[in-house]
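# Coordinate analysis (summary)
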Amino acid sequence: MKRSIFIVILLLLSTSFLFGQDRRPPLGINLEDYDYPYPAEYFAFKSQQQSVEMAFMYEEAGDPNGKTILLFHGKNFNGAYFGEVMQALLDEGFNVLAPDQIGFGKSTKPDYYHYTFQQLARNTRALADSLGISRTVVLGHSMGGMLATRFSLMYPERVETLVLENPIGLEDWKKKVPYQGVDHWFRQELDKTYEGVRQYMSQSYYDNNWKPAYDEWLYLRTGFFGQPGYERYAWNQALTTDMVFTQPVLYEFSDLEVPAVLIIGQRDRTALGTGLVPDSVAATMGQYPELGKRTAREIPDATLIELDGIGHLPHIEAFDRFMKALLSRIN
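Being a predicted model, the structure only gives us computed values, none of them experimental.

Structurally, D268 is set in the loop between β7 (260–265) and α9 (279–282). It is R269 that comes nearest to the buried, bridge-free D268 among opposite-charge side chains, at 6.6 Å. Of the polar contacts made by the side chain of D268, one reaches the side chain of H312; its length is 2.6 Å. Those residues in contact with D268 that sit more than four places away from it in its chain are N166, S204, G286, Y288, I310, G311 and H312.

Attention now moves to helix α10 (residues 288–298). Taken as a whole, α10 has its buried residues at Y288, L291, G292, T295 and A296. Summarising the axial view, the buried residues of α10 lie within an arc of 130°, below the 170-degree limit, and thus occupy one face. Elements in contact with the buried residues of α10: β6 (159–167), β7 and β8 (302–307).

Further remarks concern the pattern of salt bridges. Enumeration according to the criterion identifies 11 salt bridges in this entry. The residue K67 makes a salt bridge to E160 at a minimum N-O spacing of 3.4 Å. Of this pair, K67 sits in the loop between β2 (50–59) and β3 (68–72) while E160 is found in strand β6, placing the two residues 93 residues apart along the sequence. For E189, the salt bridge identified is with R221, shortest N-O distance 2.9 Å. With E189 in helix α5 (residues 182–190) and R221 in helix α7 (residues 215–222), the pair connects residues that are 32 residues apart, well separated along the chain. Under the relative-accessibility criterion, E189 is labelled buried at 3%. For R221, a relative accessible area of 2% puts it in the buried group. By sharing partners, the salt bridges in this structure join E189, K192 and R221 into a single network.

Across its 13 residues, helix α6 (residues 194–206) extends 17 Å between first and last C-alpha, which sits within 8% of the 18 Å expected from 1.5 Å per residue. All buried positions along α6 are accounted for by Y194, V197, M201, S202, Y205 and Y206. End-on view of α6: buried residues confined to an arc of 135°, all on one side of the axis. In the segment just after α6, D207 is the residue with positive phi, at about 55°.

Our focus in this paragraph is the pairing of β7. For β7, a buried count of 6 out of 6 residues is recorded, marking the element as mostly surrounded by other parts of the structure. Relative to β8, β7 is paired through 6 bridges, and the arrangement is parallel. Across the sheet, residue A260 finds its bridge partner in β8, namely A302.

Applying the stated criterion across every chain yields a total of 22 aromatic pairs. When the ring of F151 is compared with that of Y155, the centres are 5.2 Å apart and the planes differ by 65°; the resulting orientation is edge-to-face. Centroid distance F224 to F225: 6.2 Å. Interplanar angle 65°. Geometry classified as edge-to-face. Just as F224 is buried, F225 falls in that class too. Following the ring pairs from residue to residue traces out a cluster consisting of F77, Y81, F82, Y200, Y205, Y206, W210 and Y214. Positioned over the ring face of Y219 is R24, at 3.9 Å from the centre of the ring. One Lys or Arg, R198, reaches over the ring of W210 and ends 4.5 Å from the middle of that ring.

With that out of the way, let us pick up empty space enclosed by the protein. Applying the stated criterion across every chain, the model contains 2 cavities of 30 Å³ or more. A volume near 110 Å³ is recorded for the largest cavity. Lining the largest cavity are 15 residues; nearest its centre among them are N76, F77, N78, L220 and Y233. When residues of the lining of the largest cavity are traced back to their parent elements, those giving at least two are α7 and α8 (230–246). Counting residues per element, the lining of the largest cavity draws most heavily on α7, which supplies 3 residues. Grouping the constituent residues of the lining of the largest cavity by class yields 8 nonpolar, 5 polar and 2 charged.

Before going further, it helps to spend a moment on the confidence of the model for the chain. In low-pLDDT regions, the fine details of the predicted coordinates are not to be read closely. Residues with a pLDDT of 70 or more make up 93% of the chain, whose mean pLDDT is 93. Ranking the elements of the chain by mean pLDDT puts helix α1 (residues 2–19) last with 38 and β3 first with 99. Across residues 1–22 the pLDDT falls below 50, and counting only partners more than four positions away or on other chains, this stretch makes 14 contacts in the model.

Definitions and cut-offs
Residues numbered from 1 in each chain as written. Predicted model: local features only at pLDDT ≥ 70, side-chain atom pairs only at ≥ 80, totals over all residues. Heavy atoms only, no water. Helix = DSSP H or I, 4+ residues; strand = E, 2+ residues; numbered from the N terminus. Buried < 20%, exposed > 50% of the residue type's maximum accessible area, 1.4 Å probe, protein only. Lys, Arg positive; Asp, Glu negative; His and termini not counted. Salt bridge = Lys/Arg side-chain N within 4 Å of Asp/Glu carboxyl O. Polar contact = N/O pair within 3.5 Å; in protein donor to acceptor, adjacent residues only side chain to side chain. Contact = heavy atoms within 4.5 Å. Arc of directions from axis to C-beta. Expected span 1.5 Å × (residues − 1). Pairing = 2+ DSSP bridges. Phe/Tyr/Trp six-rings, centres within 6.5 Å; stacked < 30°, edge-to-face > 60°. Lys NZ or Arg CZ within 6 Å of the ring centre and 35° of its normal. 1 Å grid on protein atoms, 1.4 Å probe; cavity = no way out; pocket = protein on both sides within 12 Å on 5 of 7 lines; lining within 4 Å. Points joined across faces, edges and corners; volume = space filled by probe spheres on them. Nonpolar A, V, L, I, M, F, W, Y, C, P; charged D, E, K, R; others polar. pLDDT = per-residue confidence, 0-100.

Now the structure itself:
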């Protein structure tokens, strides 16, 4: 009897450790049983000799203002974290499209995929075409900022305004960080733990000021650890990390032909590879106050909005301030 009670206690502690205080069940790698803020739909198409599905949320405003906004998520996220942003934009009359890129969220995790920002941009254009969307405001956060920039470079006729919310890729990490390769990123992904990801998010995103509202995004990043197919998820993560590392867009900012708005949380220090270089080098990376100013100078038609005291996730950490800044430039 005592042994049975002991086993139950261990299981409860283990569940709490893996899935947080809410002790929710494990997730599938495609978030099959997780409900998004708005109904998830699927765009099926052929890409790189295989059939894939791109999940997306698309909502039309009840009182439309004639504009659509396309939202590109970051690497540690998916379209779900835009839920509150979507509601506010719909209330303002915007139609809103929020896809999960291939390899992320509810979308297909291929056994292999040659990831490029050009390919992801092309996939997104095909999705927009299928919905009859020809022109949008484009907003990209973090890795999504790199993709939004590439999309705007490839399809300027489709972009009304480009909004970059704390984008990564404003500097070329290859110049400072030794190349590691996909196998390294794969091993690193497999080694991740709930507590490790929570610590990273707390330090990098929220200035060690964790709030219960942040648990949701941690759950969506860790709830499938160790579940069936996790190695395939980890492999896709490794491939997209390599894409981010090797395919900078900053050298083409001067080629942008669309108006751009940079919304930059000034506390942000996000940079890929800081753990692979000496502290003295790491200290020179991810300096967003300077990176934002430099990028705004390089884009021909750019407005810079600096959010003091805010980190990598303005739309989560400071929603009202973020929305005020966004709506001031796209309404």
